Amino acid sequence: MISLATTTRTVLRGRKLPRSLIGGGLILVISLVMAIWPTLFAPYDPNLFDYNALLAPPSWDHPFGTDSFGRDVLSRVIHAYTIDMQIAIFATVGPFVIGTLVGAFIGYVGGFWEALFGRLVDATVTFPFLVLVIAIVSVLGPGLGNMYVAVGIVGWVFYARLVASEIKVQKRLDYADAGRVMGYTPMRIVFRHLLPNAITPAIVYWMTDMALAILLGSSLGYLGLGAQPPAAEWGVQIADGKNFMNTAWWISVFPGVAIVLTGLGFSLAGDGVAELLRVRR
Amino acid sequence: MPLFSFVIRRLLQMIPTVIFILIVTFVLVRMLPGDPASAMLGDRARDADVNRINHELGLDRPLIVQFFYFAERIATGDLGNSIGLKVSVLSLIMDRLPVTLMLTALSAVIALALAVPLAFVAAFKREKLADSVIRGTFQVGLSMPVFYVGIILLTVFAAQLKLFPVGGYGTTLPDKLYHLFLPALTLALSFSAVLMRNLRASIINVMNAEYVDFATAKGLKSRVILLRHILRNALISTVTLFGLQIGTLFGGAVITETVFAVPGAGRLLIDSIYGRDYPVLQGLTISLAILVSLTFLLTDIIQAWLDPRIAR
Amino acid sequence: MTSSTAQTTMSDGTKGLVVRGLTTTFDTTRGLAIAAADVDFDVAPGEVVGLVGESGSGKSVTLRSIMRLIREPGKVSGRVEWGGRDLVAMPAEELRKVRGGEIAMIFQEPMTALNPVLPIGAQIEENLKAHTALTGSQRRARALELMNIVGIPAAERRLDEYPHQFSGGMRQRAMIAIALACSPKLLLADEPTTALDVTIQDQILKLLLDLRDRLAMSVVLVTHDLGVVAATCDRMAVMYAGRIVETGTVAEVFARPHHPYTRGLLGSVPRSGHSRTMLQSIDGTPPSLTALPQGCAFHPRCSFATEICRTDRPPLDLIGAGRRVACHHHEEVAAAEPIL
């Protein structure tokens, strides 16, 4: 039987970390650092208006230029790491946990619950995720908190589906039978033994989900349904600059680059984790 | 013909799904806060007036009764009238939905045109430079938010280079396609990335299959082998993916229509959510859900046509 | 001494297949794997030659190398003469015409060798389309004819059916019909009966012999089953660790094997009707293709091995008409107690 501790140890034993994991991990670490200590890196206050430098192009003073209020774009992009990394984590951790728990239950118990869940999955997975989230947010009112709720209501299904099918597979393996024979309670079997093995695809999905969460969060920010101006969030910034694309492209372009880089970081890290864990299986 | 009975079977299976969709839509829309009467009359409406309108709209009857009226009206194609625009919901949807359909269809075509050849190149030059470049470029494209790609394409190709119109819709078919090209390209970028990734893996699986060796041993031309043997088998799993991506595609269409000011169902959806226009919201949700089911049916049929093992 | 510059010209002037020095290597992470080395053998028109050996002996690789079906990182060198041309050096377009049109190949597992999404009829017809100028209806007629020849009942209906709708034996027959659509002069058969039931095996082998007569075709039959060799082959070549170690007619080799490995193979075939004896197996396992032993590749497992076997690789010597063996002690081996 494989416990969580043993799993972690065996995963890393004697194996080179994949390059994608190193690259992705590096980007993520930098992103986290900027998110936690933005003031260390940002040259200006992100909300400071400078009426002498409105719509200024990139220069030594303002490497990313300024926007229509004279705010330094670079500082705003850096401060936005805080909100957007928060989005990546908060919008995914809830679905991850809830989905894993529900998925473990459904995978182990099967039967009627599985059939019911199957229908729910069909309905959720096919419907446009963005539209569902927008609908829920517009009902609850705009803002990040409500966005997390909206994503939570719908997002857990994806994790549950992955974990349920993995638990189903693990359940049939010999070591699960051994546990039953030894009289372990189902809870113990599921949590200490099946789940550590079954959770792998959920973890990999979580990394890509975080990249998707940033895309979703910034989309909502762009539409005015997520983070609210004057908050520094990449989507909001892009919306701020969309009317100035011909004259002051830097307002929208640089925040987009940040989105892409961070998204790539999560994707690479996800690929790396997948590679690392796949070899073991 | 096994294919024909397969289609009939799946169409019949759609019926309970459609009923389920109707019930869910009905319930959800009724659960939205604020009632249509207040929305119509405004915040300062008097209670008596609100009650009167609610009675007229049949909103004070028991829910089950309301549902039957609802289902009856749907069956006759009466989706009600838009609260904000004062026209029939059906006419609104008939106006806007084809636009979105054309947008998504065009972007699917562009996405396939991008994904299929590049997936082949990436698969055949696996682990070499060309493969990494292709995969890397698509990965970057996948990480770009749709609205970001949209406004960049809009600025560069429409506003600056003036190669395309700055949004809107056309009148004749070629004109419409011309207007929709940039929005479709925007959508196609991330869609093609997902397709390419899947197709590449599929091709790699297939190209080492023994039947490819057998086909080579028969002395077939490489074009025949590529298309009839490799692509046809590799597409099977990608077709399923295609269907699953419809939801994401529509979500992207919503944003793209906003960026490019295209008068499609996506924008209508956003507007009706903002404006609490329940009849429109309801009608759109039902139409959307039915469309998604139909798309699934279509991908299932294509899959069964490609892979005869499925239709049994 | 292996000197075979003379071509094998048959009595009617047509040449068969002449393989000289065929060598196939794979550049793997663990080093260079030599899957086949200096393979020499001949196939006369109308002959059935058996290529025998354990898994990993190089027999399938040899077959695929003849057709140039070896993928990167494999490399094929040597000479394969067919119809006056060298298949190894031939340009791709010319080779394409030879494949299917003059030389055909069938595989071990028909379920994986047949395209699952195309009907059998279509797979036959595409072979015809690639090499003949028949019209659509002519192709269909020919496909029907082929299905009948290989013994598939209800052929007309089955032309439009898919591989998964056929049973194992029928699938193998279908594969044969597809491969032989253009009446090739040489059939390369890679373990065609290994995946089949014993009763079906017999039928398929009979079918192959029948087709050999009908189409005046030669056959190279790769197998690990000596029973199959005894039943169908005229001549045989035994391979070990990528090299040919013994050749001759089936009768000659079975009666008096000159190579210890051949002896071992013959000894390990269960026999009926005799007093019960232990099944003789050959001690040890075949060597890794990336780490072949010095000298004779078989010496670690050989009961006749001496010092010279450890240092010098024995060349494939001609010891009689069409009879070759690669062993320093082959006379001793031949003189030992007969096995069969």
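None of the values given here were measured: they were computed from a predicted structure.

A. Spotlight on the overall build of chain B. On a plain count of helices and strands, chain B comes out with 13 helices and zero strands. Its helices and strands taken in sequence order, chain B reads α-α-α-α-α-α-α-α-α-α-α-α-α from the N to the C terminus. Considering only contacts within chain B whose residues lie at least 6 apart along the sequence, 72% involve residues at least 24 apart.

B. Region of the structure containing the overall build of chain C. Counting its secondary structure elements, chain C contains 13 helices and 12 strands. Compactness check: chain C gives a C-alpha radius of gyration of 21 Å against a globular reference of 20 Å for 340 residues, within 12% of the reference. Seen through its principal axes, chain C has C-alpha atoms that stretch 65 × 50 × 45 Å. Taking all contacts inside chain C whose residues are at least 6 apart in sequence as the whole, residues at least 24 apart take part in 64%.

C. Layout of the interface of chain B and chain A. The partner chain A presents 28 residues to the 25 residues of chain B that form the contact. Secondary-structure elements contributing two or more residues to the side of chain B that touches chain A are α6 (129-143), α7 (146-160), α11 (246-260), α12 (265-274) and α13 (278-306) of chain B. No other element matches α11 of chain B, which puts six residues into the side of chain B that touches chain A. For the side of chain B that touches chain A, the class distribution of residues is 19 nonpolar, six polar and no charged.

D. Quick look at the nonpolar core. One finds Val163 of chain A together with Ala177, Leu188 and Val220 of chain C to be the most contacted residues of the largest nonpolar core, which totals 252 residues. The biggest single contributor to this core is helix α8 (residues 173-207) of chain B, with 16 residues. Other than its neighbours up to four places away in sequence, Leu188 of chain C contacts Leu63, Ile66, Met67, Ile103, Met105 and Val220 of chain C.

E. A look at the pairing of strand β2 (residues 31-43) of chain C. Residues and elements named next belong to chain C. Bridge count between strand β1 (residues 17-28) and β2: nine bridges; the pairing is antiparallel. Paired with Asp27 across the strands is Leu32, a residue of β2. Two successive antiparallel strands, β1 and β2, enclose a turn made up of two residues.

F. Layout of helix α10 (residues 200-223) of chain A. Over its 24 residues, α10 of chain A extends 34 Å from the first C-alpha to the last, a length consistent with the 34 Å expected when each residue adds 1.5 Å. Counting buried residues along α10 of chain A, 21 of its 24 residues qualify, which places the element largely inside the surrounding structure.

G. Summary view of the sheet that holds strand β4 (residues 74-82) of chain C. If you trace the four strands from one edge of the open sheet to the other, you get β2-β1-β4-β5 (chain C), paired in antiparallel fashion. Looking at which strands have only one partner, the edges of the open sheet turn out to be β2 and β5 (85-86) of chain C.

H. Highlighting the pairing of strand β10 (residues 243-249) of chain C. All names here are of chain C. β10 sits mainly inside the fold: six of its seven residues count as buried. Once strand β9 (residues 235-240) ends, the chain turns through two residues before running back antiparallel as β10, passing Ala241 with a positive phi of about 45 degrees. Direction of pairing for β10 relative to strand β12 (residues 323-325): antiparallel, over a ladder of two bridges. Residue pairing in the sheet places Glu246 in a bridge with Val325 of β12.

I. Molecular detail of helix α1 (residues 59-66) of chain C. Residues and elements named next belong to chain C. The buried fraction of α1 amounts to eight of the eight residues, a majority that puts the element mostly inside the structure. Buried within α1 are the following residues: Lys59, Ser60, Val61, Thr62, Leu63, Arg64, Ser65 and Ile66. Note on α1: the residue one or two positions beyond its end, Arg68, has a positive phi of about 55 degrees.

J. Region of interest: the interface of chain B and chain C. At the interface, 20 residues of chain B touch 22 residues of chain C. Secondary structure elements with two or more residues in the side of chain B that touches chain C: α9 (210-217) and α10 (222-244) of chain B. Counting residues per element, the side of chain B that touches chain C draws most heavily on α9 of chain B, at seven residues. Counted by class, the side of chain B that touches chain C contains nine nonpolar, four polar and seven charged residues.

K. Local environment of the packing of helix α4 (residues 73-109) of chain A against helix α7 (residues 144-171) of chain A. Residue and element names in this part refer to chain A. The contact between α4 and α7 brings their axes to 5 Å, and the two run at 35 degrees. Crossing geometry of α4 relative to α7 is assigned as right-handed. For the contact of α4 with α7, the class distribution of residues is 21 nonpolar, eight polar and four charged.

L. Fine view of the sheet that holds β12 of chain C. All names here are of chain C. With respect to topology, eight strands assemble into an open sheet ordered β6-β7-β8-β3-β9-β10-β12-β11, the strand pairing being mixed. If you trace the sheet from one side to the other, it starts and ends with β6 (103-106) and β11 (317-320), each paired once. Averaged over all adjacent pairs, the angle separating strand axes in this sheet is 20 degrees, with direction ignored. Direction of pairing for strand β3 (residues 48-52) relative to strand β8 (residues 218-223): parallel, over a ladder of five bridges. Following the sheet pairing, Leu51 is matched in β8 by Val222.

M. Structural detail: the arrangement of the chains. Most contacts, among the two pairs of chains that meet, fall between chains A and B. Contact between chain A and chain C is absent, and the least distance between their C-alpha atoms amounts to 17 Å.

N. Quick look at unusual backbone geometry. A cis amide bond links Pro229 of chain A to the next residue, Pro230 of chain A, at an omega of 10 degrees. You can see Pro230 of chain A is positioned in the loop between α10 and α11 (234-241). Even without being glycine, Glu127 of chain B reaches a positive phi, approximately 65 degrees. Along the chain, Glu127 of chain B falls in the loop between α5 (89-124) and α6. Positioned with a positive phi, Ala261 of chain B is a non-glycine residue whose angle comes to about 50 degrees. Take Ala261 of chain B: it is sitting in the loop between α11 and α12. Residue class for Ala261 of chain B comes out partly exposed when judged on the 15 C-beta atoms lying within 10 Å of it.

O. Examining the environment of Gly219 of chain B more closely. On the secondary structure map, Gly219 of chain B appears in the loop between α9 and α10. With 22 C-beta atoms packed within 10 Å, Gly219 of chain B lands in the buried category. Gly219 of chain B sits 205 residues away from Met14 of chain B along the chain, and the two C-alpha atoms are 45 Å apart. Apart from residues no more than four positions distant in its own chain, Gly219 of chain B is found in contact with Arg96, Lys97, Val98, Arg99, Gly100, Gly101, Ala130 and His131 of chain C.

P. Region of the structure containing the environment of Ala248 of chain A. All names here are of chain A. Secondary-structure assignment places Ala248 in the loop between α11 and α12 (250-280). For Ala248, a count of 20 C-beta atoms within 10 Å gives the class buried. Distance from Ala248 to Ile136, taken between C-alpha atoms, is 34 Å for residues 112 residues apart in sequence.

Q. Representation of the confidence of the model for chain B in the model. On average, residues of chain B carry a pLDDT of 82, and 88% of them reach 70 or more. At the low end of the mean pLDDT range in chain B sits helix α2 (residues 36-41) of chain B, at 58; at the high end sits α9 of chain B, at 92.

R. Structural detail: the packing of helix α4 (residues 120-131) of chain C against helix α5 (residues 136-149) of chain C. Residues and elements named next belong to chain C. Following both chains from N to C, one finds α4 and α5 inclined at 120 degrees, their axes separated by 9 Å at the closest point. Taken together, the axis directions place α4 and α5 in an arrangement best described as oblique. Here α4 runs over α5; the crossing is right-handed. For the pair formed by α4 and α5, the contact residues are Gly121, Ile124, Glu125, Leu128 and Lys129 on the first element and Arg139, Arg140, Arg142, Ala143 and Leu146 on the second. Here the contact of α4 with α5 is composed, by residue class, of four nonpolar, one polar and five charged.

S. The environment of Leu28 of chain B, seen in detail. Mapped onto the elements of the fold, Leu28 of chain B is located in helix α1 (residues 2-31). The spatial distance from the C-alpha of Leu28 of chain B to the C-alpha of Ile225 of chain B is 51 Å, given a sequence separation of 197 residues.

Analysis parameters
Residues numbered from 1 in each chain as written. Chains lettered and ligands numbered in written order. Predicted model: local features only at pLDDT ≥ 70, side-chain atom pairs only at ≥ 80, totals over all residues. Helix = DSSP H or I, 4+ residues; strand = E, 2+ residues; numbered from the N terminus. Contact = placed C-beta atoms within 7 Å. Rg over C-alpha atoms; globule rule 2.2 N^0.38 Å. Nonpolar A, V, L, I, M, F, W, Y, C, P; charged D, E, K, R; others polar. Core = buried A, V, L, I, M, F, W, Y, C linked by C-beta atoms within 7 Å. Buried ≥ 20, exposed ≤ 12 C-beta atoms within 10 Å, placed from the backbone. Pairing = 2+ DSSP bridges. Expected span 1.5 Å × (residues − 1). Axes fitted to C-alpha atoms, helices over the stretch in contact; angles between N-to-C directions. Left-handed = near helix turned anticlockwise from the far one by under 90°. pLDDT = per-residue confidence, 0-100. Parallel < 35°, antiparallel > 145°, perpendicular 65-115°, else oblique.

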